[in-house]
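As a plain string of letters, each chain reads:
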Amino acid sequence: MTDTAPRPAVMSDESPTTDVRRIGPAFRTSHPLASGPVVQPAPTVDGFVETFLGELNYGQGTLLSQSTVNDQYLALARTVRRYLMADWLETGTRRRQTQQKTVGYLSAEYLLGRQLGNNLLATNLQDIAQVAMERCGIDIATLRAQEVEPGLGNGGLGRLAACFVDSLATMDVPCIGYGIRYEYGIFRQTFEADRQVEVPDSWLSLGNPWEFPHPERQVLVSFGGSTETTTDADGRERCTWTPDWQVIGMPYHYMVPGHRNGVVNTLRLWSARATQAFDLQIFNSGDYAQAVRAQTTAENISKVLYPEDSTPQGKELRLQQQYFFVACSLHDFIDNTLPADFDLRRLHQRIIFQLNDTHPVIAIPELMRILVDRKGFAWDEAWEITQKCFAYTCHTLLPEALEVWSAELLGRLLPRHLEIIYRINEEFLEEVREAHPGDEMLVRRMSIIAEHPERAVRMAYLATVAASKVNGVAELHSQLLRDKVLPDFSRLWPEKFTNVTNGVTPRRFVRLANRRLSDLLTETIGDGWVTDLDRLRELEPYADDAGFREQFRAVKQANKERLTTLLRVRDGLELPPEAMLDVMVKRLHEYKRQTLKLLHIVSLYDDVVSGRVPAEQVTPRTFVFGAKAAPGYHLAKEIIFLINAVADVVNADPAVAGRLSVAFPANYNVTLAEKLIPAADLSEQISLAGKEASGTGNMKFALNGALTIGTDDGANVEIRRLVGDEHFFLFGMTEPEVEELTARGYTPSAVYESDPQLRSTIDLLASGHFTGGDRQAVAPVVDNLLHQDSFMVLADFRAYLDAQARVDAAYADPDAWSRSAILNVARSGYFSSDRSMRDYLERIWHA
Ligand code: 26V
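Residues numbered from 1 in each chain as written. Predicted model: local features only at pLDDT ≥ 70, side-chain atom pairs only at ≥ 80, totals over all residues. Heavy atoms only, no water.

In the nomenclature of an unreviewed UniProt entry, the protein chain is known as Alpha-1,4 glucan phosphorylase of Phycicoccus duodecadis. Under the UniProt heading Cofactor (unreviewed entry), the entry covering the protein chain gives this text: "pyridoxal 5'-phosphate". (UniProt positions renumbered as here; feature names shortened; annotations may be inferred.)

Rendered as structure tokens:
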């Protein structure tokens, strides 16, 4: 916000709810139903139909015969949520009574995916709902397709948060997920002339049956202004912050059901509103337009998810978002969740705030502010409490992805927090000096405050200093975090650092996404695997059973056919359902190396059109890409353009018809992932070693019986170790080899000159063959590869092609391939997010 932008007014009272009837029973009664939910009858088809029609008539205000698909979807959703409500109320009551330690998961992103299917699965209502809808003459699949997924995240980090809250509910661990209810989630991607065009994601426009606004729990959040330090009667320094504008945080609650265990936890997402003081201001203001703009300023805070997932832009609105949701969440837990007389010295016995990357790290000075300025704690005691209440997860290794906020901006928006950060830093640096007297270089390196190019706060350092534990998200990543990103800190506090390898929920990504495989698994080893994924091990002997392999192949084939049908209808793509399905889906980023995949495709195509390889010798493959680029990431958008351009030409060229096809369905999201992953034969995990922190798509593919071609990076390392070398196609430089090449000096043009096949491939691309002769159109990508290639695509090209040749050879033996695929499933149980949660509980939360 600029200085002249109108600001929402400050209210005189700390609580925004003074004129709202406060929480708590409005009356006392001995009615037996007052303190427990009205008992729901056991679900039956008749009961379901009746509730559904009731919701349609009395909730939606329409008749079945008049209703639209959206009416029916909303009524069905509200019917399902009724079956969850008693468990939700009961879980809440139980949590209040037992007062167990709660996990406060602080995440700016939750990439939830569609809710209806998941909630039907959790409640075991899938079959009843299907029959009930049939009785009403409705195809339930049409209603499912009506749901717009809540895309409140960018990619891996947001999806991980969604998997974690699912697992915690399934394990009956008390957890509140705190985040932001963005009015617009991740943009919808469309292609125009092969280029990405972003469309706003107005996911709320047709109504959202899964959320519950709680105006009685709203919270006031302050920004700006100045601070003043005075000395009170006892000689103690006291700081007062006089903000100059405020907004209201309105919580929306979402159900997070456990898998058929009667538990429903809560996800609490905050939405920004203008204050009532502001409404008065409008009313009294001569300048109505200016006053309305102030309202817009307030409500902008939760308007839109930032679509960048690697390069922080230092945007003021983003810092406002971060402080907004964190301030709401801390206030909510401390003042509205704990009992009024709670002794905050015991705070760590009731909560552990897990910081999902640096985005919520401003919570650290916020808790200090609450304890010192509002609750009257001495600094040292407040710091002791604070250190016990936070743990920090780092999700990256890219230096440019580490958030740094300029002191100028932080001080302008949150003056008191900046003071607190300075004091934390001073005391921390004293500790460093004591441990390493005379080493001022070390002090400067470790300072939370950077001085160049401008004075700024390093959020990862602040998190590391304050947190009880710091973890990476895969073994290799945690090691590199200790050795490369935070080496001074890991020497100072070796015991602070730990690893928790990521995981994915088997409920959504196997049971829901791959019903056919799930049924086969359950027929073979029982259904215990859904909540105890290690039991997939029991499948191992069946890898040698020809009959089972046959059934397993039939599942994969049926999934492929479902996908080809979907892509025909959704994207107008004609794909052969028999070909090997080779899939690369993830955000578009140079380090992930979609261009390496593209060079492979072009080289295969080049082999055929140049006559070097007869088309009949090419293994039929369908290459599928799914990827969004950050709107401001120009090179990533050029890569998208090039993939589409290559796809157009390859798909239309009769020389490779029936052999090579390329599909790039627009708008890859959780919903599409659930269709793509179960159909895949080959999973592409080809980042430059040392760059992908973990990856979680890699786990989803392995669990769905795809084989991986991958580098020694992130969780690939652990996947390969578990499934076995012979069932994983490893290629490329290792992280130390990358380091060594960097040190020696890497010259991509020399690699180009020395490998004739690479030269031919790049020359074909550069010739304009795929862009109607337009060489300019391919220049950004080609020039970058030849003259920069920051992620060493050319250096790994040869190894990648060799590994792909091994893939072709293996695929030629369907029995051996299926055996490997089955062993991938059987040996990937470790990658359940339930296991990740057990590791967090044991190593970090002690909850
Ligand atoms: C970072 C930033 C940087 C500032 C600008 C906005 C923004 C938004 C999101 C992020 C998160 C990037 C980090 C991330 O998503 N990391 C991914 O986390 C996955 C879950 O741990 C992991 O599997 C992926 O390897 C890692 O790239």
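Now that the structure is up, let's keep going.
Hey, could you run me through the UniProt feature "modified residue: N6-(pyridoxal phosphate)lysine" (unreviewed entry) in the protein chain in this one?
Following the UniProt record, one finds the feature "modified residue: N6-(pyridoxal phosphate)lysine" (unreviewed entry) at Lys700. Along the chain, the position of Lys700 falls in helix α25 (residues 697-703). Looking at Lys700, the relative accessible area reads 8%, which means it is buried. The contacts of Lys700, once residues within four sequence positions are left out, are Arg159, Val504, Phe509 and Ile677. (Helix = DSSP H or I, 4+ residues; strand = E, 2+ residues; numbered from the N terminus. Buried < 20%, exposed > 50% of the residue type's maximum accessible area, 1.4 Å probe, protein only. Contact = heavy atoms within 4.5 Å.)

How should the packing of helix α1 (residues 45-59) against helix α2 (residues 69-98) be read in this particular structure?
Between two packed helices, the angle of one axis relative to the other and the distance separating the axes together describe the packing. Direction vectors running N to C along α1 and α2 enclose 125 degrees, while the axes themselves pass 8 Å from each other. On the basis of their axis angle, the class for α1 and α2 is oblique. Between α1 and α2 lies a crossing whose hand is right-handed. Of the residues in α2, those in contact with Gly47, Phe48, Thr51, Phe52, Glu55, Leu56 and Gly59 of α1 are Asp71, Gln72, Ala75, Leu76, Arg78, Thr79, Val80, Arg82 and Tyr83. For the contact of α1 with α2, the per-class residue count stands at 7 nonpolar, 5 polar and 4 charged. (Axes fitted to C-alpha atoms, helices over the stretch in contact; angles between N-to-C directions. Parallel < 35°, antiparallel > 145°, perpendicular 65-115°, else oblique. Left-handed = near helix turned anticlockwise from the far one by under 90°. Nonpolar A, V, L, I, M, F, W, Y, C, P; charged D, E, K, R; others polar.)

Could you clarify how one ought to interpret the packing of aromatic side chains in this entry?
Between two aromatic rings, the relevant description is the distance of the centres plus the angle of the planes. By the definition in use, this model includes 23 aromatic pairs. Ring centres of Tyr542 and Phe548 lie 5.4 Å apart, and the angle between their planes is 50 degrees; this geometry places the pair in the tilted category. Residue Tyr542 is classed as partly exposed on the basis of its relative accessible area, which comes to 28%. Here Phe548 and Phe552 contribute two aromatic rings whose centre-to-centre distance is 6.5 Å and whose plane-to-plane angle is 35 degrees, an arrangement assigned as tilted. One end of the pair is Phe548 and the other is Phe552, both in helix α21 (residues 546-571) and 4 residues apart, which spans about a single turn. Here Phe548 matches Phe552 in class, with each residue buried. Feature note: the residues Tyr105, Phe164, Tyr840 and Trp845 constitute an aromatic cluster, connected by ring pairs. Stacked on the ring of Phe509, the Lys or Arg Lys700 has its end atom at 4.2 Å from the ring centre. Above the plane of the ring of Tyr830 lies Arg835, whose end atom (NZ or CZ) is 3.9 Å from the centre. (Phe/Tyr/Trp six-rings, centres within 6.5 Å; stacked < 30°, edge-to-face > 60°. Lys NZ or Arg CZ within 6 Å of the ring centre and 35° of its normal.)

For this particular structure, what's the right way to read the site of the ligand?
Inspection of the region around the ligand gives 20 residues, with His395, Asn502, Glu692, Ser694 and Gly695 positioned closest. Within the backbone of Ser694, an N or O atom sits 3.0 Å from an oxygen atom of the ligand. Backbone polar atom of Gly695 to an oxygen atom of the ligand: 2.8 Å apart, as the coordinates give it. In terms of residues, the shell around the ligand owes the most to one element, helix α6 (residues 156-170), which gives 3 residues. Its residues placed into classes, the shell around the ligand shows 7 nonpolar, 8 polar and 5 charged. (Near = heavy atom within 4 Å. Polar contact = N/O pair within 3.5 Å; in protein donor to acceptor, adjacent residues only side chain to side chain.)

Please clarify how the sheet that holds strand β24 (residues 707-710) should be interpreted in this entry.
Within a sheet, adjacent strands bond to each other through the backbone by hydrogen bonds, running parallel or antiparallel. What the 6 strands build is an open sheet, ordered β22-β21-β20-β23-β24-β25; its pairing is parallel. Each edge of the open sheet is held by one strand with a lone partner, namely β22 (660-663) and β25 (729-730). Sheet topology note: the β24/β25 ladder contains 2 bridges and is parallel. Each residue of the ladder has a partner; that of Ile709, found in β25, is Phe729. In the packing of helix α32 (residues 814-826) onto the sheet, contacts are made with β23 (682-685), β24 and β25, and the angle to β24 comes to roughly 85 degrees. (Pairing = 2+ DSSP bridges.)

Sorry, what's going on with the nonpolar core here?
Where a protein is soluble and globular, its nonpolar side chains tend to be buried together. Counting 146 residues, the largest nonpolar core has Phe48, Phe223, Phe324 and Leu347 as its most contacted members. Looking at this core, the element that brings in the most residues is helix α9 (residues 316-337), giving 10 residues. If we ignore the near neighbours within four places in the chain, the residues touching Phe324 are Val221, Phe223, Val247, Ile248, Gly249, Trp270, Ser271, Ala272 and Ile301. In terms of nonpolar packing, the next biggest core, distinct from the first, is built from 103 residues, Leu604, Leu682, Tyr752 and Phe791 among them. (Core = buried A, V, L, I, M, F, W, Y, C linked by side-chain atoms within 4.5 Å.)

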